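Report on the structure
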Amino acid sequence: MKHIESKLAQIGSLEDPVTGAVSYPIYQSTAFRHPKLGQSTGFDYARTKSPTRKVLEEAFAELESGDAAFACSSGMAALQTVFAMFQSGDHLLVSLDLYGGTYRLIEQIMSRFGVTASYVDTNSIDELEANLRPGSTKAVLIETPTNPLMMITDVERVCGWAKRKGLTTVVDNTLLTPFFQRPIELGADIVVHSATKYLAGHNDVLAGLIVTKGTELSQRMFFLHNSIGAVLGPQDSWLLMRGMKTLALRMERHQSNATRIAEWLQGHDMVSKVFYPALSTHPGHDIQQRQSSGNTGIFSFKMKDARTIEPILRHIRLIAFAESLGGVESLMTYPAVQTHADIPEEIRRKVGVDERLLRFSVGIEHADDLIDDLSQAFEHAREELK
Ligand SMILES: *Cc1c(COP(=O)(O)O)cnc(C)c1O
């Protein structure tokens, strides 16, 4: 099997030689019998290793070109487990336009353990250099594209710089998934995911994944994952694998729908700007097309008038007003009051998350139906503001 589409469709299907089950079973057991003293089947206690989770983890490590993967109970649990590598006095360089929950974890929790961060434009080596604290800075955390403003970082360039400085590079690959982008192939040491989003794909499973490159880092992460215990249960591991079998098809449809709708919005007289790297007008377009084989299904756009936001959110019908992204159902989010409320206004303004910005996670419905829904909501807003 050479192609990622085949690997995705076949996750777990060759793993049960006893029954030949095509869909790998859910092993709902926390304890495993030992044949005799000093012997193990390979499974002892489910926090350390559990069969259904193991099949998911091994498949995912291969999909991301890593050496090991660790399934966690959420994306935040995955990030917390990675952050447990650091200790008091350590400093991180972090993408400026960052997922709100990650910012909150660093500023309200990690800070109490003496770990600090500087928020920088990770695409500027000058800015990275200027914020580097020799001896204290331990890692760079990149989101690309960022959520919600879709800023693109040149992963290979930053990883090269980080390696020369002896820093670990962590990439949050939630928005593209290994189907479109594989950061470890570009030089990253660790990849993290909110698997809740595109990987699971159906707005019904909460999960996270960590992938590591190299034996030492993999052993360290195994220790942290088992010691902290924020692991994914067998039922959710199975649901995640089931979702991932259709990842290739879903990502292709998310991308084509999002591209069509972004182009439609760009031509609309009530919209001032669309932030989507697939558009040639996007500043990160060239880097994105070089380092990834496709585009995410989520983008943001700014309305000309902030007063249109409330009626638009009230009138969308097919598109749900809800926070999350990456599922088959389309969701609209208002970042300034929802996902990014925990980011101080000063930082939000600096990156451009303001009261005119909407984020659209485009689902796999027919693009025409989504455009019709947006169109009628826009016209209602126009009427109400007359
Ligand atoms: C949602 C999200 C997270 C957090 O993941 P959960 O599964 O909600 O805990 C982290 N990073 C990004 C980019 C996300 O979109």
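Below is a summary of the structure that appears in this document. (Residues numbered from 1 in each chain as written. Predicted model: local features only at pLDDT ≥ 70, side-chain atom pairs only at ≥ 80, totals over all residues. Heavy atoms only, no water.)

Attention now goes to the site of the ligand. Near the ligand there are 13 residues, and of these G75, D172, S194, T196 and K197 occur at the shortest range. Between K197 and the ligand, the recorded distance is 2.7 Å, taken from a side-chain N or O atom to an oxygen atom. With the chains in place, 93% of the 380 Å² that the ligand exposes on its own is no longer accessible. Tallied by class, residues from the shell around the ligand come to 5 nonpolar, 6 polar and 2 charged. (Near = heavy atom within 4 Å. Polar contact = N/O pair within 3.5 Å; in protein donor to acceptor, adjacent residues only side chain to side chain. Areas by Shrake-Rupley, 256 points an atom, 1.4 Å probe, with all protein chains shown as cover. Nonpolar A, V, L, I, M, F, W, Y, C, P; charged D, E, K, R; others polar.)

Before going further, it helps to examine helix α10 (residues 247–266). For the α-helix, the turn length of 3.6 residues means that residues three or four positions removed from each other point alike. For α10, with 20 residues, the first-to-last C-alpha span of 28 Å sits near the 28 Å given by 1.5 Å per residue. Along α10, the residues that are buried comprise L247, A248, R250, M251, H254, Q255, N257, A258, I261, A262 and L265. (Helix = DSSP H or I, 4+ residues; strand = E, 2+ residues; numbered from the N terminus. Expected span 1.5 Å × (residues − 1). Buried < 20%, exposed > 50% of the residue type's maximum accessible area, 1.4 Å probe, protein only.)

Opposite charge on two side chains permits pairing when their charged atoms draw close. A full pass over the atoms with the stated rule returns 16 salt bridges. A salt bridge links K302 to D354, with the shortest nitrogen-to-oxygen separation between them at 3.3 Å. Within this pair, whereas K302 is found in strand β9 (residues 298–303), its partner D354 is found in the loop between α13 (345–351) and β12 (357–361), the two being separated by 52 residues in sequence. The same class applies to K302 as to D354, namely buried. Within this structure, D269, E379 and R382 form a network of salt bridges that share partners. (Salt bridge = Lys/Arg side-chain N within 4 Å of Asp/Glu carboxyl O.)

Bringing the nonpolar core into the picture now. The tendency in soluble globular proteins is for nonpolar side chains to be buried as a group. If you look at the biggest cluster of nonpolar residues, it comprises 74 residues, and the most contacted ones within it are L8, F83, I190, I210, L240 and M244. The biggest single contributor to this core is helix α2 (residues 51–63), with 6 residues. Here L240 is in contact with L56, A195, L199, A200, A207, L209 and L232, once residues within four sequence places are set aside. By size, the runner-up hydrophobic cluster in this structure holds 29 residues, among which are I261, V271, L313 and L370. (Core = buried A, V, L, I, M, F, W, Y, C linked by side-chain atoms within 4.5 Å. Contact = heavy atoms within 4.5 Å.)

Turning next to the environment of V231. When you line up the elements, V231 lands in the loop between α8 (215–228) and α9 (234–244). Separated by 66 residues in the primary sequence, V231 and G297 place their C-alpha atoms 28 Å from one another. Aside from chain neighbours lying at most four places away, what touches V231 is R47, R53, A71, C72, S73 and H225.

The subject of this paragraph is the pairing of strand β4 (residues 137–143). When you tally the buried positions in β4, you get 6 out of 7 residues, the bulk of the element. Strand direction decides the pairing type here: strand β2 (residues 91–95) and β4, joined by 4 bridges, are parallel. Within the sheet, the bridge partner assigned to H91 lies in β4 and is T137. With 5 bridges joining them, β4 and strand β5 (residues 168–172) adopt parallel strand pairing. Bridged to A139 within β5 is T168. One crossover worth recording links β4 to the parallel β5 by way of helix α6 (residues 155–164), and it is right-handed. (Pairing = 2+ DSSP bridges. Right-handed = clockwise from strand over helix to strand, strands pointing away.)

Moving on: the packing of aromatic side chains. Counted according to the given criterion, the structure contains 9 aromatic pairs. Consider the rings of F83 and F86, whose centres lie 6.4 Å apart with planes at 40°: the pair is tilted. Summarising the burial analysis for this pair, F83 and F86 share the class buried. A centroid spacing of 5.0 Å and a plane angle of 50° characterise the contact between Y103 and Y119, whose relative ring orientation is tilted. (Phe/Tyr/Trp six-rings, centres within 6.5 Å; stacked < 30°, edge-to-face > 60°.)

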